[in-house]
Amino acid sequence: MQIVRDLLSVTEESGVSGINVTALLTKANLSHSRLSKFIDNLTGAGLINKIEFDGKNTFVITSKGKQYLETYVQFQSLADSFGLDL
């Protein structure tokens, strides 16, 4: 769940211009094969959108992804207040 949060956070920070695979790999500190699995899950769940342009993939967060991220941050804050580790 923390990896999903990290990927969504990085994608949200990139704004409407999106983020490419190389930047996601670097910022999320994941291997390409592992990142591919997460991207498939996130796009399948409708949390991010994949945009192809000139043969390159760019990813942008969806409104559903923003809502998920916001809810996760609230849940993490609540868990922290009770001394729980996620």
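Everything numeric in this text was worked out from a predicted model, so none of it was measured. (Residues numbered from 1 in each chain as written. Predicted model: local features only at pLDDT ≥ 70, side-chain atom pairs only at ≥ 80, totals over all residues. Heavy atoms only, no water.)

*Asks:* I would appreciate a short explanation of the overall build of the protein in the present structure.
*Replies:* Counting its secondary structure elements, the protein contains 4 helices and 3 strands. Its C-alpha atoms put the protein at 50 × 25 × 20 Å along the principal axes. For the protein, buried positions account for 31% of its 86 residues. A fraction of 49% describes how many contacts in the protein between residues 6 or more apart in sequence connect residues 24 or more apart. With the model as given, the accessible surface of the protein reaches about 5700 Å², and the carbon-plus-sulfur share is 52%. Separation of charge centres in the protein, based on 8 positive and 9 negative side chains, amounts to 6 Å. (Helix = DSSP H or I, 4+ residues; strand = E, 2+ residues; numbered from the N terminus. Buried < 20%, exposed > 50% of the residue type's maximum accessible area, 1.4 Å probe, protein only. Contact = heavy atoms within 4.5 Å. Areas by Shrake-Rupley, 256 points an atom, 1.4 Å probe, with all protein chains shown as cover. Lys, Arg positive; Asp, Glu negative; His and termini not counted. Charge placed at Lys NZ, Arg CZ, Asp CG, Glu CD.)

*Asks:* Mind showing me how you'd approach the sheet that holds strand S1 (residues 19-20) here?
*Replies:* In sheet architecture, strand pairing relies on hydrogen bonds along the backbone and comes in two forms, parallel and antiparallel. The strand order S1-S3-S2 describes an open sheet built from 3 strands, whose pairing is antiparallel. Edge positions in the sheet fall to S1 and strand S2 (48-53), since each has one partner strand and no second. As judged from the 2 bridges shared by S1 and strand S3 (residues 56-61), these two strands associate in the antiparallel manner. Paired with Ile-19 across the strands is Phe-59, a residue of S3. (Pairing = 2+ DSSP bridges.)

*Asks:* Sorry if this is basic, but what is going on with the nonpolar core here?
*Replies:* Grouped burial of nonpolar side chains is what soluble globular proteins tend to show. With 17 residues, the main nonpolar core has Leu-7, Leu-8, Leu-24 and Leu-42 as its most contacted residues. Those elements that provide at least two residues to this core are helix H1 (2-13), helix H2 (21-28), helix H3 (32-44) and S3. (Core = buried A, V, L, I, M, F, W, Y, C linked by side-chain atoms within 4.5 Å.)

*Asks:* Please explain unusual backbone geometry as it appears in this structure.
*Replies:* Peptide bonds are trans in most cases, and residues, glycine excluded, mostly fall at negative phi. In this structure, Asn-29 takes a positive phi of about 55° despite not being glycine. Examined against the element boundaries, Asn-29 turns out to sit in the loop between H2 and H3.

*Asks:* Can you help me understand H1 in this one?
*Replies:* For the α-helix, the turn length of 3.6 residues means that residues three or four positions removed from each other point alike. Its 12 residues place the ends of H1 16 Å apart at the C-alpha level, agreeing with the 16 Å of an ideal helix rising 1.5 Å per residue. Of the positions making up H1, those classed as buried are Val-4, Arg-5, Leu-7, Leu-8, Val-10 and Thr-11. Those residues of H1 that are buried lie in contact with S1, H2, H3, S2, S3 and helix H4 (63-81). Once H1 finishes, Gly-15 follows within two positions and takes phi at roughly 75°, a positive value. (Expected span 1.5 Å × (residues − 1).)

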